[in-house]
Structure formats: C-alpha cells, structure tokens
Amino acid sequence: MRLIMNNQPIGIFDSGIGGITVLKKIIEILPNEEYIYYADTKNAPYGIKPKDEVKRHIQESIKFLISQKVKAIVVACNTATSIAIKDIRKKCKIPIVGIEPAAKTAVERRKNKKILIMATPITIREEKLNDLLKSLSAQNSTDLIAMPKLVEFAENREFESDKVKQYIKKELKEYNIDDYSELVLGCTHFLFFKKALSDIFPDSVEIIDGSIGVAKRLKNILQEQDLLGNNILNIKYYYSGERAENEEELNELLISYK
Ligand code: DGL
C-alpha cells in the first residue's frame, strides 16, 4: 500500500504572509491541489531572532503540517530554509522543497554591474547563502543587505507607503544603487515590495526572486513520484496551529499579488 496519496494536501510554510507570494506561483502551475498555508505568526518575525529559538518554532510548525497529513511541504521561507532544511528533510519522509535567494539566476543574468541580495539578518549571516555565493564565485560581485523591518511592514499590510520607502532608502544609504544591475529578493515577504523597490532603484535594475523556480521544482517532484492531485483547488490558512479567521483577507492578498 502506498503511504502517500495523491489527494492529500500540500503544506506551504512561512513565518507569516511572505509565502503567499510562493503559493501564488505554485497554484498557477498546480491548480488541482488542496493546500494548507501555515503562517507561524505567533512567532514571527524569524529573521531577527536567535537561531536556536527559530529552529524550535520551525519544528513545531512542521510537526503540525505533518499531523495534517500533507503529501509534501514547501518551506516558503528563506530564513527557515537556511537554518533548518537539512533537519526537516532528515525527519520527514515526504518531499520537502525549500527556497533560497535566487543568486544562481542573478549570476546567470548578470549584466554589467553588481548583484544586491536583500534578505533577513539570519539568511545573510548563515553559511548556506555564503556557501552558495562561493560555489558561484560570486562573492566579489555580490553585496548583501538586511531589511528586517520590511517583514513587519508586510505583516501590517503596508507595502507602498512613504514610511516603507523612507525605510528602504535609509537602509540603502551606505550603498550606491547605481552599482547594481540585479536585485535579488531573498525573503518571501519582500516580494510584496516590488513596486516600492522599483520606484527607488533605476529602471535598469532587474528584480529577481526564486518563487517560480520553487513552484517548478515542486511540480517536477510530484510528477516524478506520481503524486499529482486531481482535486478542486482549495486553500486552508492556519496561524501557528489555529485556523486563520481572516481567510477572505488572505485570499484577497493571494489574488491581488502579481
Ligand atoms: N519570509 C521569511 C523569509 O523568506 C522570513 C521573514 C521573517 O520572519 O523574518 O526569509
């Protein structure tokens, strides 16, 4: 007997609403699935907390998703991927897909200038990203910048306000934005700020993220393992183990995100 069935749901996990940007890309190519979107809002933001504490929160979240009998999990959080993906893979028998800053794509597409990667403080500090840059021989052509407050702005649904733009400009003060030809959004929450960022950076800067790559990887894995569903699209949202009461608002966010 098969242990995993095709019509079990897919779990999508993030500390908050950031992973909704990834869910959107996944639904576009995998519409016949049921999804459980799990936001660990009680413990967000992750990126500025001690690593061991965040690891514990991630473990709890994954445990919950497993209890919901998901057939696969997408860790739609760069921070969680960077510190816990190996542990999660070790503990779970189902397919696990993580997300990391799309440095490889940026290196492949790099034009004449440097690459700027925006992420949380944890992601920037961790070995995973620094090893990736080393393997791409991109340490000297890449700068890293932490933008932790954008996570807070996103959780407050503040995406384009003057306060948001002032904060981004303030954090960029030490950087010359004309030095870059690619901007990598290495935190899923940051994808909600594409408009604000494109207002600040020159038009020549290409904004890159890894969400489409994650969606394609998930589809490939499900196909390979004969696990594609034939469900009617359905999404259930959870906040740290409790069913979210504002599902309509979250669905709106999902629909309006481009
Ligand atoms: N959305 C997450 C990421 O991609 C983390 C945000 C946070 O909780 O700090 O890194």
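Residues numbered from 1 in each chain as written. Predicted model: local features only at pLDDT ≥ 70, side-chain atom pairs only at ≥ 80, totals over all residues. Heavy atoms only, no water.

## Digging into the overall build of the protein
Across its full length, the protein carries 11 helices and 10 strands. At 18 Å, the protein has a C-alpha radius of gyration in line with the 18 Å of a compact globule built from 258 residues. Overall, the C-alpha framework of the protein stretches about 60 × 40 × 35 Å when taken along its three principal axes. The buried share of the protein, reckoned over its 258 residues, is 53%. Expressed as a percentage of contacts within the protein between residues at least 6 apart in sequence, the contacts between residues at least 24 apart total 76%. Carbon together with sulfur atoms contributes 48% to the accessible area of the protein, which is approximately 12,400 Å² in total. With 40 positive and 37 negative side-chain charges, the protein shows a spacing of 4 Å between the two charge centroids. (Helix = DSSP H or I, 4+ residues; strand = E, 2+ residues; numbered from the N terminus. Rg over C-alpha atoms; globule rule 2.2 N^0.38 Å. Buried < 20%, exposed > 50% of the residue type's maximum accessible area, 1.4 Å probe, protein only. Contact = heavy atoms within 4.5 Å. Areas by Shrake-Rupley, 256 points an atom, 1.4 Å probe, with all protein chains shown as cover. Lys, Arg positive; Asp, Glu negative; His and termini not counted. Charge placed at Lys NZ, Arg CZ, Asp CG, Glu CD.)

## Observations concerning the environment of Met147
One can find Met147 in the loop between β6 (142-146) and α7 (149-155). Residues Met147 and Thr120, spaced 27 residues apart in sequence, show a C-alpha to C-alpha distance of 6.1 Å. Residues contacting Met147, with those up to four places away along its chain left out, are Met118, Ala119, Tyr167, Ile168, Glu171, Leu172 and Phe190.

## A few points about the sheet that holds strand β3 (residues 72-75)
With mixed pairing, six strands are arranged side by side in an open sheet as β4-β3-β1-β2-β9-β10. Here the strands that pair on one side only, and so sit at the sheet edges, are β4 (96-97) and β10 (242-243). Relative to strand β2 (residues 34-39), strand β1 (residues 10-14) runs parallel, the two sharing five bridges. Across the sheet, residue Gly11 finds its bridge partner in β2, namely Ile36. Lying over the sheet, helix α11 (residues 247-256) contacts β9 (234-239) and β10, oriented at roughly 115° with respect to β9. (Pairing = 2+ DSSP bridges. Axes fitted to C-alpha atoms, helices over the stretch in contact; angles between N-to-C directions.)

## Some details on the nonpolar core
Judged by nonpolar contacts, the single largest core of 80 residues is most densely connected at Ile58 and Ile168. With residues near it in sequence (within four places) discarded, Ile168 still touches Met147, Leu150, Ala196, Leu197 and Ile200. Core analysis: the second largest hydrophobic core is formed by 11 residues, Ala102, Ala103, Leu129 and Val184 among them. (Core = buried A, V, L, I, M, F, W, Y, C linked by side-chain atoms within 4.5 Å.)

## Points about the site of the ligand
In the vicinity of the ligand lie 13 residues, with Ser15, Tyr46, Gly47, Thr79 and His189 positioned nearest. Contact with the protein chains removes 99% of the 300 Å² of surface that the ligand exposes when unbound. The residue inventory of the shell around the ligand, partitioned by class, reads five nonpolar, seven polar and one charged. (Near = heavy atom within 4 Å. Nonpolar A, V, L, I, M, F, W, Y, C, P; charged D, E, K, R; others polar.)

## Structural notes on the sheet that holds β6
If you walk across this open sheet you meet the four strands as β6-β5-β7-β8, and the pairing is parallel. The open sheet has two free edges, formed respectively by β6 and β8 (206-208), since each of these has just one partner strand. Across this sheet, the average inter-strand angle for adjacent strands is 25°, counted without regard to direction. Across three bridges, the pairing between strand β7 (residues 180-185) and β8 is parallel.

## Description of the packing of aromatic side chains
Enumeration over the complete set of coordinates arrives at nine aromatic pairs. Measuring from centroid to centroid gives 5.3 Å for Tyr38 and Phe64, while their planes differ by 45°, and the two rings are tilted. Taken together, the residues span a long stretch of sequence, with Tyr38 in strand β2 and Phe64 in helix α2 (residues 51-67) at a distance of 26 residues. By relative accessible area, Tyr38 is classed as buried at 4%. Measuring from ring centre to ring centre gives 5.8 Å for Phe159 and Phe193, while their planes differ by 70°; the resulting arrangement is edge-to-face. Residue Phe159 is located in the loop between α7 and α8 (162-171), and its partner Phe193 is located in the loop between β7 and α9 (194-200); the two are separated by 34 residues in the primary sequence. (Phe/Tyr/Trp six-rings, centres within 6.5 Å; stacked < 30°, edge-to-face > 60°.)

## What to know about the pattern of salt bridges
Tallied over the entire structure, the rule returns 16 salt bridges. A salt bridge links Glu108 to Lys104; its shortest N-O distance comes to 3.1 Å. Linking Glu108 with Lys104, this pair stays in helix α4 (residues 103-109), spanning four residues, or about one helical turn. Note on Glu108: relative accessible area 57%, which makes it exposed. Salt bridges sharing common partners tie together Arg109, Lys111, Glu182 and Glu206. (Salt bridge = Lys/Arg side-chain N within 4 Å of Asp/Glu carboxyl O.)

Note that every value here comes from positions in space, so none of it alone points to a role or purpose.
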